[in-house]
Amino acid sequence: MKCCQVQVYLAGRLKNGQYQVKAAMSYNLTWEIEELASMGYEWFWVLTEEMRLHLAYLLIQRLHALPWARWSPNWQTDPRIKKITSWLHKERLLKENKIQILPQKRPIAIFPEGLKLIDESFQIISAMLRGRNLFFSEIVNGLQEMGLSHYSPQVVQKNLLQAIVHNKVELIPAVSPEQGECFRCGHVGLQLSQCGICGERVWFCPECSNMGESLSCRPLFRRADKGVIAELAQGVCINANLSDTSPQQTNKGLNGVGSLDYRSYLADKFKPRYNFSLSPYQKEISERLAEMLDTDRVRRWLLWAVCGAGKTETTFELISRVLQRAGRVLFTSPRREVIRQMVERLQEAFSDVKIVGLYGGSKIKFSQAQITVATVHQLVRFYQAFDLVIFDEVDAYPYQGDRRLVNLLQRSLKKDGRMVLLSATPSDELLKEAKDGELRVLTLPARFHRKGVPVPELYSLRLPILPEYTLMPQKVKKWIIQSLEKDLAQLYIFLPSRKMVEIFGESLQKYYQKKGLADWVQYTHSQDKKRSQKVQEFLRGTYPILVTTTILERGVTVPKSNVLVLYADHVDIFNHQSLIQMAGRGGRSLYAPFAHVWFAGNRISKEMKIAVNWIAVMNRLAHERGLLDAKSDKFN
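All values reported here derive from a predicted model rather than from experimental measurement. (Residues numbered from 1 in each chain as written. Predicted model: local features only at pLDDT ≥ 70, side-chain atom pairs only at ≥ 80, totals over all residues. Heavy atoms only, no water.)

**Comments concerning the overall build of the protein chain**
Operational definition: What counts as a helix is a DSSP run of H or I of at least four residues, what counts as a strand is a run of E of at least two, and both are numbered from the N terminus. Exposure classes here rest on a 1.4 Å probe applied to the protein chains alone. A residue is buried below 20% of its type maximum, exposed above 50%, and partly exposed in between.
Helices and strands together make up the secondary structure of the protein chain, namely 19 helices and 25 strands. Across the 636 residues of the protein chain, 59% fall into the buried class.

Laid out in structure tokens, this is it:
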């Protein structure tokens, strides 16, 4: 179904004392007739021959704008039919694109019997599309992923059509040249190409082509759900779609009479389990976040917390509340390393909940889950899917400054959904939204172990142009030896580019190889094919030194570590947000709450000073609130 031609039709029926007219398009009219008849439609008018998908979509939009509600049940003599016919023939869209209107209008009974559709696969496909944008090939691949490869493409097509007729699923072109928009990712700015199947000129989206071509002739199937939170607030009965069921669940909903036992069951089932006790201040933040579901008109909250404050755990009670209401949760971040760690942490906290991790290279892509953990890029397949979105590291590259990723995030949230943004270094834009009242802000200025964030030491050194270890100033060598031999801590060494990481990392490896300790050093960056393996080994403590770029400035935790940033004055790479995040890698655990952090450059840049000042201000704020122990920093 990559190159799709459709026909537009009208169908009419009398329902609840009013005459309803359905304007729709179909890729197989024969299959559609029986379903329409079962729904009580009395007549069927095929308006067009097969036509291009994006033009049919535009025609449907214009038909929907016509006054169908006052139609009479007498379809044979109603003057409005003549009026509509006249309008269709005068419509400029049809003339410009040479679309012929067919003068056939017949009762449904005279059409041949359609093919019987399969209920079981209809339910499965409909569930798969819940809150998603998927191509036909992705639906087929999703069924294979679920172990249902026995459903043939023809069966999938028939059931998709059934879902469309029942308004469970929407059929739309992947891109609309008339609106200049990609309906898959929301990007505005299409380009022309040629269809490899029909050879005609088509429009495509250049932004999401790496996850499948989005073309004006390619159909996109999507299903948007009503917000669970809004339904519950109105007392609407729903049937929770959980991984297991209870007899009390069926047809009672979560606010229904007699649902008290089931509420208790859900509260216990989705109660988060922590691997440490929340501090009193964390508990206060956690409770305030959970209350936002019912009490706050502002739907977006920012949790501004220092690195290592345990901000993720403060969202667990909020997640639990949403799960109890049969809602769906998204935990997202721009970084793949963060996503991998979060899958493990959430699975520990919610062991009875189905959780799926989506990122580049993940084997699972289409399975539904109560909690989805995904990089922002993976959200291209979601549409109004989640009741709650928690966005960790909202200030991180590549999300900041990329309007497409911002749009993907907004499209994935239901219209009545809630969003919580987590950051240690919120952008000026977020702070302005908070000032304007568009964003609620909670601050968590202290780590859970009641020790301050390590304040970096700034050094102006004569660093070599070529970052060979042997050419480094004596201070750099001293810091490395101090970490390994005195502090007995692992050491992050950050450099501003891949090339510098390779030169320094290889030279440091050779230095320790002469001492018989070659396996003490590894280096990695975004293009390293063994990156994931090296990072996991470092996190497990397999080796003590990791030389890297900013790819590891966020979302990774080592029990005891120091931090060294070389060439920290490269402001095009190391802005104050990045420096704060790198400093935050040290002193994160209860076992080792202290750390040394060194920033070294050929000069002390403004960004280096801002980073130090920001950390000091948050430490002072935590001290003023009584959140730090009297002696909060061993080294400062």
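**Focus on the environment of arginine 13**
Stated precisely, the cut-off is as follows: Any two residues whose heavy atoms approach within 4.5 Å at even a single point are treated as in contact. Here a polar contact is recorded for every N or O atom pair within 3.5 Å, except that within protein the pair must consist of a potential hydrogen donor and a potential acceptor, and residues adjacent in sequence are included only if both atoms are side-chain atoms.
Looking at the secondary structure, you find arginine 13 in strand β1 (residues 5-15). Separated by 28 residues in the primary sequence, arginine 13 and tyrosine 41 place their C-alpha atoms 4.5 Å from one another. Not counting the four nearest positions on each side in its chain, arginine 13 is found in contact with Gln18, Tyr19, Gln20, Met39, Gly40, Tyr41 and Glu42. A polar atom in the side chain of arginine 13 sits 2.6 Å from the backbone oxygen of methionine 39.

**Observations regarding the packing of helix α12 (residues 336-349) against helix α17 (residues 531-539)**
Applicable threshold: Between the N-to-C directions of two axes lies an angle of 0 to 180 degrees, each axis being a line fitted to C-alpha atoms and, for a helix, fitted only over the stretch in contact. An angle below 35 degrees is treated as roughly parallel, one above 145 as roughly antiparallel, one from 65 to 115 as roughly perpendicular, and anything else as oblique. For a crossing to be left-handed, the near helix must be turned anticlockwise from the far one by less than a right angle; the clockwise case is right-handed.
Look at α12 against α17: their axes get within 12 Å of each other, and the N-to-C directions meet at 55°. What the angle tells us is that α12 and α17 run oblique. The element α12 and its partner α17 pack so that their crossing is right-handed. Along its contact with α12, which presents Arg336, Glu337, Arg340 and Gln341, the element α17 presents Arg531, Ser532 and Leu539.

**Describing the sheet that holds strand β12 (residues 219-223)**
How we decide: Paired strands, in this sense, are two strands between which DSSP finds at least two bridges.
An order of β6-β12-β7 is seen for the three strands of this open sheet, with the pairing classed as antiparallel. For this open sheet the edge positions go to β6 (132-134) and β7 (170-173), each flanked by a neighbour on one side alone. For this sheet the average axis-to-axis angle between neighbouring strands, irrespective of direction, equals 30°. Here β7 pairs with β12 via four bridges, running antiparallel. Across the sheet, residue leucine 171 finds its bridge partner in β12, namely phenylalanine 221.

**Topic: the packing of aromatic side chains**
To keep it simple, the criterion reads: Working definition: a ring pair exists when centres of Phe, Tyr or Trp rings (six-membered ring for Trp) sit within 6.5 Å. Plane angles under 30 degrees give stacked, over 60 give edge-to-face, the rest tilted. Only when the NZ of Lys or the CZ of Arg is both within 6 Å of the ring centre and within 35 degrees of the ring normal is a charge said to sit over the ring.
Counted according to the given criterion, the structure contains 15 aromatic pairs. Ring geometry for tryptophan 304 against tryptophan 614: centres 6.0 Å apart, planes inclined by 75°, an arrangement best described as edge-to-face. Residue tryptophan 304 is located in strand β13 (residues 300-305), and its partner tryptophan 614 is located in helix α19 (residues 606-624); the two are separated by 310 residues in the primary sequence. Each member of the pair, tryptophan 304 as well as tryptophan 614, is classed as buried. Their ring planes at 45° and their centres at 5.1 Å tell us that phenylalanine 382 and phenylalanine 386 sit as a pair that is tilted. Taking the relative accessible area as the measure of exposure, phenylalanine 386 reaches 0% and is therefore buried. Chaining the aromatic ring pairs together yields one cluster made of Tyr469, Phe504, Tyr511, Tyr512 and Trp520. One residue, arginine 222, lies across the ring of tyrosine 383, its end atom 4.1 Å from the ring centre. In this structure, lysine 534 packs its charged tip against the face of tyrosine 523, placed 5.3 Å from the ring centre.

**Comments concerning the side chain of lysine 311**
Keep this limit in mind: Charge counting follows a simple rule: Lys and Arg are positive, Asp and Glu are negative, and His as well as the terminal groups are ignored. By definition here, a salt bridge exists when the distance from a side-chain nitrogen of Lys or Arg to a carboxyl oxygen of Asp or Glu is within 4 Å.
Tracing the chain through its elements places lysine 311 in the loop between β13 and α11 (316-324). Buried and unpaired, lysine 311 has no salt bridge, with aspartate 392 as the nearest side chain of opposite charge at 4.1 Å. Once residues within four sequence positions are removed from consideration, lysine 311 is found in contact with Leu303, Ala305, Asp392, Glu393, Leu422, Ser423 and Leu444.

**Here we look at the sheet that holds β13**
What the seven strands build is an open sheet, ordered β15-β16-β14-β17-β18-β13-β19; its pairing is parallel. With one partner strand each, in any of the chains shown, β15 (355-358) and β19 (440-444) form the two edges of the open sheet. Within this sheet the neighbouring strands show an average axis-to-axis angle of 15°, counted without direction. One ladder, built from five bridges, connects β13 with strand β18 (residues 413-423); its direction is parallel. Among the inter-strand pairings, arginine 300 is bridged to a residue of β18, identified as methionine 419. Lying on the sheet, helix α13 (residues 403-412) is in contact with β14 (329-333), β17 (386-392) and β18; it crosses β18 at an angle near 130°. Together, β13, β18 and β19 form the strand contacts of helix α14 (residues 428-435), whose direction differs from that of β13 by roughly 120°.

**Regarding the pairing of strand β2 (residues 18-26)**
Side chains on a regular strand alternate between the two faces of the sheet. The buried fraction of β2 is high, at seven of nine residues. When β1 meets β2, the two strands line up antiparallel, connected through nine bridges. From the neighbouring strand, tyrosine 9 faces β2, where its bridge partner is alanine 24. Counted between consecutive antiparallel strands, the loop separating β1 from β2 contains two residues, among which asparagine 16 sits at a positive phi close to 55°.

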